[in-house]
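Examination of the molecular architecture
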Amino acid sequence: MTDVWKDPEIIDFVRWLKVQGFRNVRLFISSRQSLLLSVQCQRLKSYEYGNTGIYFVEASWEGSYCCAYTDSLKDREDIRRKLTGTAGIFDGRDLPEDIIESRDYRGQRWREIDREKTLHILKCAEAAALSSKTVDFVEVCEYRQYEETVTLIDGNMNYLTDDDGDLSFTVRVIAKEGGSVAASTKLGIVKAQDQDAFLKTACSLAERAAEYAGYALHAERIPSGTYPIVLENCVMAELTGHYLPVFYGENLTHHTSALAGKKGEQVGCRLLRLIEDPFSVMGTRRRRIDDEGMPVSEKVLLEKGVFKGILYNKKSAAQAGVKSTGNGFKPDAAADSGTSATNVILLSEGETFSRREMLEACEGGIYITQIEGMFAGADTESGDFSLLACGNRIVDGRVSSAVNQFTISGNICGLWRDIEMIGDDPVYRLSGSACAVSPTVKVKSLMVSG
Amino acid sequence: MMLAESYIEKILDYAVSCGADYGEVFFEDTERTKLTLMDSQVLRCACGRESGIGIRVFRGLESEYLYSADANEKRVFGLMKERLGKGGVFDKRTPLSRIVPNCITMRETAPRDMGLKRKLDYLKAAAAAGKSGDSRIVQGRACYVDEDQRVQIANTEGVYARDRRTRCRIRFMMAAEDERFGGRQICYEGPGAMMGPEYLESGRIEERARRAARSAVNMLGARPCPVGRMPVIIAEGFGGLFFHEACGHSLEGSSVANGCSEFAGKAGEQIASDKVTLVDDGSIAGEWGSLGIDDEGVLTRKNVLIEKGILKGYMLDRLNARRMGLEPTGSSRRENYRFAPVSRMTNTYIAPGTDRVQDMLDSVEKGLFVMDINAGSVDPVTGEFNFNTGETYLIEKGRITVPLTSATLIGTGSEILPKVDMVSDHFALEQGYCYAGSGQLPIGVGQPAVRITEMTVGGKEL
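Since this is a predicted model, take the numbers as computed values, not measurements.

Rules of the game
- Residues numbered from 1 in each chain as written.
- Chains lettered and ligands numbered in written order.
- Predicted model: local features only at pLDDT ≥ 70, side-chain atom pairs only at ≥ 80, totals over all residues.
- Pairing = 2+ DSSP bridges.
- Helix = DSSP H or I, 4+ residues; strand = E, 2+ residues; numbered from the N terminus.
- Contact = placed C-beta atoms within 7 Å.
- Axes fitted to C-alpha atoms, helices over the stretch in contact; angles between N-to-C directions.
- Core = buried A, V, L, I, M, F, W, Y, C linked by C-beta atoms within 7 Å.
- Buried ≥ 20, exposed ≤ 12 C-beta atoms within 10 Å, placed from the backbone.
- Domains from an automatic or database assignment.
- Nonpolar A, V, L, I, M, F, W, Y, C, P; charged D, E, K, R; others polar.
- Left-handed = near helix turned anticlockwise from the far one by under 90°.

**Description of the sheet that holds strand β9 (residues 272-276) of chain A**
Residues and elements named next belong to chain A.
- Judged by pairing direction, the sheet is mixed, and its 6 strands sit side by side in the order β11-β10-β9-β14-β20-β19 without closing on themselves. Strands at the two margins of the open sheet, each flanked by one partner only, are β11 (306-307) and β19 (427-431).
- As defined by bridge partners, strand β10 (residues 299-303) adjoins β11 across 2 bridges and the pair is classed as antiparallel. In the sheet register, Glu-303 faces β11, and the bridge partner there is Val-306.
- Packing against the sheet, helix α5 (residues 233-242) makes contact with β14 (343-348), β19 and β20 (434-438), and its axis sits at approximately 35° to β19.

Structure, rendered in C-alpha cells:
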C-alpha cells in the first residue's frame, strides 16, 4: 500500500471536511488484498484475487460525534449527509482525539506467489492425502494469502499505520470404508516463498488429515453419561477463541458476559493461565496498534485461574473510568469500533504434559477431536455450551474406536475449573480478527448425550 | 452510479480473448445502515456506501475470480491483464440482451429517504413496547439493518440484467430475570422483508418485540434439558431452520456436484417420509430471502427439492450445474462483490400437511416441544447437523409442562428425514441469515409444526 497520508485526494478531502464545519476529524482507511488458489482432482479448482478499500470517517458536527463509511471520497455530498445524519444519536460518545506523533508500524509486504509452483505443491498435498487407502476424496486443498493495511489520519494529517496478514494452507479430506464416511480438516501457516518448507508443511498436514479421517471411520454411538475428557488442542483453541467476548469491557458493563461481577474471583483451576500476547510467535496476529490507534500490549486475563484482565476499547474504557487496553478492533472495516484481541494464549502455570500422558491419565474417557455448533451452542452471556462432538474412546491409555453423534455440554467456567492437565502441543485457530492458541487439555468430566 | 453497458461488453470481450469459455461481470452499489440499540442507548451505528466489481471466467471446470473496489477501467483491465493473461485469442460471445428480473421488492421508500433519527425513534418505541409489558424484562436490545443494493449482471451467454434489492430487518433480544429463579433468559425475534424502511411503520414490529419479551418471561425458571433420545415437536416458523440445515445445505450444488453430499446421486429416491415436501423459492414477493434475479443473472423460481419424500432436484449455480451436466436453478448468491457466487438457499420451507398440533402433543409420552430454534449448522458430507433451541418445553403425557434451558438437537439428514411422521396445517415463514461459502446471506425459513419420532437431545440432566 502507498503512503495514503500523502495522497492529494485524501489531503483535499480532510480539508473539505473542515471547510464544511466538521471538527475532530479522523479517517480510518483499510486496504486489503487477498488471494486464493485451490485444487481438486489434480487440477485447478479456483483462483481468486481481489483488493478492497474502505474509509471510515469520524468527526464532530456541532459538538456531537458523527461517523460514516464509504469506498470512495468522490461523492462528498453523500458523505456529508450521512455524517450529519448520525450526529447526536450517540449518548456521550467521546470525540476523536488528535494523533500526537505520526508512526509507521508496517512490517508486512505483499509478495506475489509463483502460481504454477504453488499449484504443484497443492497437487502434491492432495496426492499425499489420497495415498491413504481410506481417503476417497479431497474436498478442500487450498492456499490463502491476505494482507490488510490500516491507516488512521487526523485533521492535521498526522497518521498512524500498521498492517497484518498471513499465508495459510487448508486441507479437508473425506474417508470412506464399508458405508462409513468421515471427514477431517487440518490447517496451518506456511512459508509460501520457501517452496521446500511449504511443500513439506502442506504434505504433512494432508497426511495428518488423512490419518484423522481414517481414525474417525466406523464411529459408534456412545451412551449418555458423564465422562472424563481430553480436548484436542484445536478444539480447545476454538473454545478459547469463541469465549473471548467474556473478557470484553462492554460485555462486562452490560452484564452480557459470563464473567460479569467476577473480577478477582477464582473462575478456573490454579493451573490455568490465559494471556494476550501480540508478540507471540505461536499466534498469527502481528498488529502493533489497534484500530483506534492505541498500542497493543501483553496482558494477563486469567492468572492461576483468577480473573485478572479486562479488554477495553476507548469507549468501554471511558465508561469504566480506565484507559483503553489497546483492544479497539473493528469487526469489519465498515463497522463502528468494537473489541477484540491479537493473540490469546492458553498456558499452564506449572507442568505441561504430552498428549500421551494425558490419554494415559484418562482411562474410560473420550478424546474429542472435533466440535460443531459453536455459533449457536456456546453462549458467551451465560457461559453455557452444548455442542455436537466426535472423537475416540480412550482405552488402556490409548486412542481407540471412533465415536460420533453425541453432544458435550457444560459451562466455560466449569470447564476451566475442571482442567486437570495442560499439554505441550499448542495450535492456533482464528476467531474473528483474533487468534486463539491452546494446547490439548484434560478435563475431569463433561456431560455427554449420545 | 452503474457501469456503462459498453464498458461491461469490453470486459466480456477481454475475458473471451483470454481463452475463457464463460465470462461474467457483477457490479454492485450498496447503501447500508446498521444500528444497535441497548435499551434506549445507541451502542453502534454504521451508515455508508460501497461498490465494487467481480469478474469471473471459466475454462472448462476451472474458475478464476477477480474483484476490486475500484471499477475504474484502467484498474480493471490492469487486473485482468495481470491475472487472466494478455488476451489475443479470437473468439465470439453472445450479444447481450436484457432480462427483466421478477418484481419482488415491495419498496415504497428508499432507505436513504428516511432519516436515521426517525428510524431510531421507531426502533426505540418498539424496544420500549417489548420492555413495558412485564417488570421482569431487564434488558431490551434491537439490531436494525436496511440495505439498498443495485446490481448489474452480464455474461458471455448474452445475459444483461439490472436489479435493485431493498431489504429491512430488525432483531429483538429481550432478557428476563426473576430473583426467585436466578439466571437470565433471553429470547429473540427477527422479522424482516424485501421492503424499504416503511416496514418499521407497519405496526407489526412492536408486536414482535412483545413476543420476544413474552417468550423470555415464559422461560424463567427453566430446568436443565434432559439428555437422550426422544420425540421432538418443532413449532411452525423459524423451526424451519431444521430443514435448512438437515437437508437444505446437502442439496446445494457445491455439496452435490463433487459427489460428497449424503444426497448426491439420489434424485428420484425416497429420502424422507412421504409427509415431507421441501421447497426453495427465491421469487416470493416481499420476502426477506428473495431475489428478482440470482447473482448469475438467472431468474429466481420455485424449486421443489423433495416431493412427498422423493428427492426431485438440487439447487445449482452455473459452475456446479456444468459439473453435473444440468441447468442452473436461479439459486446462485453472494454476500457482495468480494465473493464468487455459489448455489445457496433463498426461502426454504416445508409445505403444510394435514395433522393437528394437539394430535402431535397427544402422541408424545415424554419429549420436547421446540417453539424456536436459535441457529444451527451441518456438515453436508456426513450429514451431521446440530441446532441450538430457543424457547423449549418438556412434553409429559401429551401435555406441555415445564420450560427447559436451551437444548441441542443433533442427527443426520438421512436418519431424521424419514422420521418426520406428522406435519401440521398451520404454516409460517420467518427470516434470518445463513453463513456459508459465499458469505452472509438473508434467508427465509418456514414450516408448519412437525413431529420427529426420535432425535438425540443434548442437555445437562441425565
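The discussion continues.
**Brief notes about the nonpolar core**
- With 204 residues, the main nonpolar core has A:Val173 and A:Ala213 as its most contacted residues.
- In terms of residue count, helix α4 (residues 195-215) of chain A provides more of this core than any other element does, 10 residues in total.

**Quick notes on the pairing of β19(A)**
Residues and elements named next belong to chain A.
- In the sheet, β19 pairs with β20 via 5 bridges, with the strands oriented antiparallel. The residue bridging Val-427 from the neighbouring strand is Ser-438, located in β20.
- In this structure, the hairpin formed by β19 and β20 is closed by a connection of 2 residues, where Gly-432 is found at a positive phi of approximately 65°.

**Quick word on the interface of chain B and chain A**
- Each partner contributes to the interface: chain B provides 52 residues, whereas chain A provides 50 residues.
- Elements that contribute at least two residues to the side of chain B that touches chain A include exactly β2 (41-59), β3 (62-68), α3 (116-132), β17 (373-378), β18 (384-389), β21 (408-412) and β23 (439-458) of chain B.
- Ranked by residues supplied to the side of chain B that touches chain A, first place goes to β2(B) with 11 residues.
- Of the strand pairs in this sheet, strand β3 (residues 64-70) of chain A and β2(B) are connected by 2 bridges, and their pairing is parallel. Residue pairing across strands places A:Tyr69 opposite B:Gly48, the latter belonging to β2(B).

**Thoughts on the domain arrangement of chain B**
Residue and element names in this part refer to chain B.
- Looking at the assigned domains, one finds that chain B contains domain 1 (5-218) and domain 2 (228-458).
- On a C-alpha basis, the centres of domain 1 and domain 2 stand 22 Å from each other.
- With 37 residues of domain 1 at the interface, the matching set in domain 2 holds 30 residues.
- Those elements that place two or more of their residues in the side of domain 1 that touches domain 2 are β1 (22-38), β2, β3, β5 (137-155), β6 (159-177), β7 (184-189), β8 (192-193) and α4 (204-218).
- For the side of domain 1 that touches domain 2, the element with the most residues is β6, which contributes 6 residues.
- Taken together, the residues that form the side of domain 1 that touches domain 2 break down as 20 nonpolar, 10 polar and 7 charged.

**Some words on the domain arrangement of chain A**
All names here are of chain A.
- Each domain of chain A was delimited in the assignment, giving domain 1 (4-215) and domain 2 (225-449).
- If you average the C-alpha positions of domain 1 and of domain 2, the two centres end up 24 Å apart.
- The partner domain 2 presents 18 residues to the 21 residues of domain 1 that form the contact.
- Looking at the side of domain 1 that touches domain 2, its residues break down into 13 nonpolar, 3 polar and 5 charged.

**What to know about the packing of α3(B) against α4(B)**
All names here are of chain B.
- Following both chains from N to C, one finds α3 and α4 inclined at 35°, their axes separated by 7 Å at the closest point. Seen from above, α3 lies across α4 with right-handed handedness. Counted together, Tyr-122, Ala-125, Ala-126, Ala-127, Ala-129, Gly-130 and Lys-131 of α3 and Ile-205, Glu-206, Ala-209, Arg-210, Ala-212 and Ala-213 of α4 form the full contact between these two elements.
- Counted by class, the contact of α3 with α4 contains 9 nonpolar, 1 polar and 3 charged residues.

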